[in-house]
Amino acid sequence: MWEALKESDIALKEWNRPFAAVLVRNDEIIWREHNKVLTSNDPTAHAELDLIKKVCKKYQTDDLSDCILYATCEPCPMCAAAIVWANIWTIVYGCDNYEWPSNYKRQNDLTCVEVVKKSGQDIKIIKHILREECKNTFK
């Protein structure tokens, strides 16, 4: 999670929001990504979604079942669905999606847990790792 927090600092320096994700395979980081919504003018340029696209392209696969995704904040419904489709077997996140500023638009109350549960996939979700540090990135 510390590495995801470092990536969130990069997002802020680039004038984006501090959402970030890191993908790990066999205890090794294989990709890092941060939110680029504001600088790309693309509402889908979320860290998790971009990470999944780039890793799948690089490794020529649509199956990341041997990976763990670390995210500074709970994945939104769009990203949670992409995680399900990519077969990522574990999601680890810092703060909940209701813990960041209300002026971040387009958020709803559908949680990552609900998206995963509705998918029928057996994805492990580990919440609140470095929660306070992740929340502090939004201050």
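Let me sum up the structure you'll find in this document. (Residues numbered from 1 in each chain as written. Predicted model: local features only at pLDDT ≥ 70, side-chain atom pairs only at ≥ 80, totals over all residues. Heavy atoms only, no water.)

### Notes on the overall build of the protein
Argument step 1. Helix and strand counts for the protein stand at 6 helices and 5 strands.
Argument step 2. If you list the helices and strands of the protein from N to C, you get α-β-β-α-α-β-α-β-α-β-α.
Argument step 3. Taking 139 residues into account, the globule formula puts the C-alpha radius of gyration at 14 Å, and the protein, at 14 Å, falls close to it.
Argument step 4. Oriented by its inertia axes, the alpha-carbon framework of the protein measures out at about 35 × 30 × 30 Å.
Argument step 5. A burial count over the protein gives 48% of its 139 residues as buried.
Argument step 6. A total of about 7,700 Å² of accessible surface is found on the protein, and carbon and sulfur atoms cover 52% of it.
Argument step 7. For the protein, the centre of its 19 positive side-chain charges and the centre of its 21 negative side-chain charges are spaced 3 Å apart. (Helix = DSSP H or I, 4+ residues; strand = E, 2+ residues; numbered from the N terminus. Rg over C-alpha atoms; globule rule 2.2 N^0.38 Å. Buried < 20%, exposed > 50% of the residue type's maximum accessible area, 1.4 Å probe, protein only. Areas by Shrake-Rupley, 256 points an atom, 1.4 Å probe, with all protein chains shown as cover. Lys, Arg positive; Asp, Glu negative; His and termini not counted. Charge placed at Lys NZ, Arg CZ, Asp CG, Glu CD.)

### Points about the packing of aromatic side chains
We describe a pair of aromatic rings using the distance from one ring centre to the other and the angle between the two ring planes.
Argument step 1. The full count for this structure, using the stated rule, is 1 aromatic pair.
Argument step 2. Directly above the ring of Tyr-59 sits Arg-25, whose terminal nitrogen or CZ lies 4.8 Å from the centroid. (Phe/Tyr/Trp six-rings, centres within 6.5 Å; stacked < 30°, edge-to-face > 60°. Lys NZ or Arg CZ within 6 Å of the ring centre and 35° of its normal.)

### Remarks on the pairing of strand β1 (residues 20–25)
Argument step 1. For β1, the buried fraction is high: 6 of the 6 residues fall into the buried class.
Argument step 2. Of the two faces of β1, the one carrying Ala-20, Val-22 and Val-24 and the one carrying Ala-21, Leu-23 and Arg-25 are both buried.
Argument step 3. Where β1 and strand β2 (residues 28–34) come together, 6 bridges link them in antiparallel fashion. The residue of β2 that forms the bridge with Val-22 is Arg-32.
Argument step 4. Sheet topology places β1 next to strand β3 (residues 67–73); 5 bridges connect them, and they run antiparallel. Along β3, the bridge assignment pairs Ala-21 with Ala-71. (Pairing = 2+ DSSP bridges.)

### A short note on the pairing of strand β4 (residues 90–95)
In regular strands, side chains alternate between the two faces of the sheet.
Argument step 1. Of all 6 residues that make up β4, 6 are buried, and the element is covered over most of its length.
Argument step 2. With 5 bridges connecting them, β3 and β4 associate as parallel partners. Of the residues in β4, the one forming a bridge with Ala-71 is Tyr-93.
Argument step 3. A crossover connection joins β3 to the parallel β4 through helix α4 (residues 77–85); in handedness this β-α-β unit is right-handed.
Argument step 4. Alignment of β4 against strand β5 (residues 124–126), held across 3 bridges, turns out to be parallel. (Right-handed = clockwise from strand over helix to strand, strands pointing away.)

### Focus: the state of the cysteines
Argument step 1. A full pass over the atoms with the stated rule returns 0 disulfides.
Argument step 2. Just so you know, Cys-112 is unpaired, no disulfide at all, and the nearest cysteine sulfur is the one on Cys-76, 9.1 Å from it.
Argument step 3. Given a relative accessible area of 0%, Cys-112 falls into the buried group. (Disulfide = S-S within 2.5 Å.)

### Section: the packing of helix α3 (residues 47–59) against α4
Argument step 1. Taken N-terminus to C-terminus, the directions of α3 and α4 make an angle of 25°; their axes are 8 Å apart at the nearest point. In terms of their interaxial angle, α3 and α4 are classed as roughly parallel. In this structure, the crossing between α3 and α4 has a hand that is left-handed. Residues Glu-48, Leu-49 and Ile-52 of α3 lie in contact with α4, whose contacting residues are Met-78, Cys-79, Ala-82 and Ile-83. (Axes fitted to C-alpha atoms, helices over the stretch in contact; angles between N-to-C directions. Parallel < 35°, antiparallel > 145°, perpendicular 65-115°, else oblique. Left-handed = near helix turned anticlockwise from the far one by under 90°. Contact = heavy atoms within 4.5 Å.)

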